[in-house]
Each structure stands twice: as structure tokens, then as C-alpha cells.
Amino acid sequence: MNILFVCLGNICRSPLLEGWARHVAEGASRRELVFDSAGTGDWHIGQPPDPRAIAAARRHGIDIADLRARTVRGDDFARFDLILAADRANLDWLQRHAPADARARVALALAWGCDTPGAEVPDPYTGTDADFDAVCRLAQAVATGLLRKSAARS
């Protein structure tokens, strides 16, 4: 299963979601799961994640420093099975830009990690280290939920 995480600039939420998903999948020896991340905006193309995101991930033993921001491409809708948006605004963007023959299912990321319908991963960009840590906790819940639900489908 190929999964793409999407946020606005691909430097905070989606790299943290990708990092946690990789970490949890590796810990469970689930190598068939492939993860990537992208943004709907193009401001940060080629840049590493926000230093606060890197630091928050590192506090949990996860290294995301090698990731680089990119934008969602049209072929992502064919390459990925699941595209998970951090929030409704990015979900709406994905739904508007999905080609008619898209293979990927598009949903909110937290639909896989919590029981609150419509829950969003808040953008920590203008926040504090505590906000990045809060996103880490949500990313861990998403990763754990993905692993559990993908195992149930296998």
C-alpha cells in the first residue's frame, strides 16, 4: 500500500506524518507500506522540514531531516492508494484537483487515527515547540491506526 500525506507547505505536518508512519511500520516490519509527503502550496519546494518539526521528531527518536518538500503532482493520484490530508482545506484542494480516473482514495489523516469524525491536524507553523509536539502525538495516532487498519485488510 502506497500512502501520501499532504499539508499546505510540506514542511511541518505532512513530514511529521510521514516520519511517524515510517517509524511505526518499520517497528512492525511492515515493509510493504510505502510513505511519502507533499504540499498543496509551492513555497518550500526542495527545502527540509521546519527545524521545529525536525526537533520534535528527533525528541521521539525519528529522523525526518532528509525529507524535502514537494508539491502534489497529478500522477500522485495514480501512484498512491491513499492520500491523507492534514486538514479540510487541503482535503478540498485534493478533491478539486483529483483526475476523474484517480486510483487514490482521498481522506483526512485523522480519520485513520481517532474516532472524531472530521478531526484535523492543526498547523503548528506559527506556534511553539509544544504545538509541534502535539502534532507528533496526532501523527503517532495516525500511524498506529494506519498499521492496525492495513493489517486488518491483509
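Since this is a predicted model, take the numbers as computed values, not measurements.

Novice: Describe the overall build of the protein chain, listing the residues and the values that go with them.
Specialist: On a plain count of helices and strands, the protein chain comes out with 5 helices and 4 strands. Scanning the protein chain from its N terminus toward the C terminus, one meets helices and strands in the order β-α-β-α-α-β-α-β-α. Against the globule reference of 15 Å for 154 residues, the protein chain gives a C-alpha radius of gyration of 14 Å, in line with a compact fold. Projected onto its principal axes, the C-alpha positions of the protein chain cover 40 × 35 × 30 Å. Classification of the 154 residues of the protein chain by burial places 49% in the buried group. For the protein chain, restricting intrachain contacts to residue pairs at least 6 apart in sequence, the fraction spanning at least 24 positions comes to 70%. When the accessible surface of the protein chain is totalled, it reaches about 7300 Å², and 52% of it is carbon and sulfur. Between the centroid of the 19 positive side chains of the protein chain and the centroid of its 20 negative side chains there is a distance of 4 Å.

Novice: For the pattern of salt bridges, give the residues involved together with the corresponding values.
Specialist: All told, the structure shown has 13 salt bridges when counted by the stated rule. Of the charged contacts, one joins Arg-22 and Glu-18 as a salt bridge, the two residues approaching to 2.5 Å between their closest N and O atoms. Taken together, the residues span about one helical turn, with Arg-22 and Glu-18 both in helix 1 (residues 13-27) at a distance of 4 residues. Classification of Arg-22 by relative accessible area gives partly exposed; the value is 33%. Asp-81 serves as the salt-bridge partner of Arg-103, at 2.6 Å between the closest nitrogen and oxygen. Taken together, the residues span a long stretch of sequence, with Arg-103 in the loop between helix 4 (88-97) and strand 4 (105-108) and Asp-81 in the loop between helix 3 (76-79) and strand 3 (82-85) at a distance of 22 residues. Residue class for Arg-103 comes out partly exposed when judged on its relative accessible area of 45%.

Novice: Tell me about unusual backbone geometry, and name the residues and values.
Specialist: If you check the backbone angles, Asn-10 has positive phi at about 60° while not being a glycine. Note on placement: Asn-10 falls in the loop between strand 1 (2-7) and helix 1. What makes Asn-10 buried here is its relative accessible area of 2%. Phi at Ser-29 is positive, roughly 55°, even though this residue is not glycine. Among the secondary structure elements, Ser-29 is positioned in the loop between helix 1 and strand 2 (34-39). Residue Ser-29 is classed as exposed on the basis of its relative accessible area, which comes to 52%.

Novice: Could you give me a rundown of helix 2 (residues 51-59), with the residues and numbers involved?
Specialist: Taken as a whole, helix 2 has its buried residues at Ala-53, Ile-54, Ala-56 and Ala-57. Each buried residue of helix 2 sits inside an arc of 165° when the element is viewed along its axis, so together they form one side. What points out from helix 2, more than 90 degrees from its buried face, is the exposed set Pro-51 and Arg-58. Measuring from the side-chain oxygen of the N-cap residue of helix 2 to the backbone nitrogen of Arg-52 gives 2.7 Å; that N-cap residue is Asp-50. Just past helix 2, the residue Gly-61 takes up positive phi, approximately 80°.

Novice: Describe the side chain of Ser-37, naming the residues involved and giving the relevant values.
Specialist: Within the element layout of this structure, Ser-37 appears in strand 2. In this structure the side chain of Ser-37 is engaged in a polar contact, spanning 3.0 Å, whose partner is the side chain of Asn-10. Side-chain polar atoms of Ser-37 contact the side chain of Glu-18, separated by 2.7 Å. If near-sequence neighbours (up to four positions away) are discounted, Ser-37 is found in contact with Leu-4, Phe-5, Asn-10, Ser-14, Pro-15, Glu-18 and Arg-70.

Rules of the game
Residues numbered from 1 in each chain as written. Predicted model: local features only at pLDDT ≥ 70, side-chain atom pairs only at ≥ 80, totals over all residues. Heavy atoms only, no water. Helix = DSSP H or I, 4+ residues; strand = E, 2+ residues; numbered from the N terminus. Rg over C-alpha atoms; globule rule 2.2 N^0.38 Å. Buried < 20%, exposed > 50% of the residue type's maximum accessible area, 1.4 Å probe, protein only. Contact = heavy atoms within 4.5 Å. Areas by Shrake-Rupley, 256 points an atom, 1.4 Å probe, with all protein chains shown as cover. Lys, Arg positive; Asp, Glu negative; His and termini not counted. Charge placed at Lys NZ, Arg CZ, Asp CG, Glu CD. Salt bridge = Lys/Arg side-chain N within 4 Å of Asp/Glu carboxyl O. Arc of directions from axis to C-beta. Polar contact = N/O pair within 3.5 Å; in protein donor to acceptor, adjacent residues only side chain to side chain.

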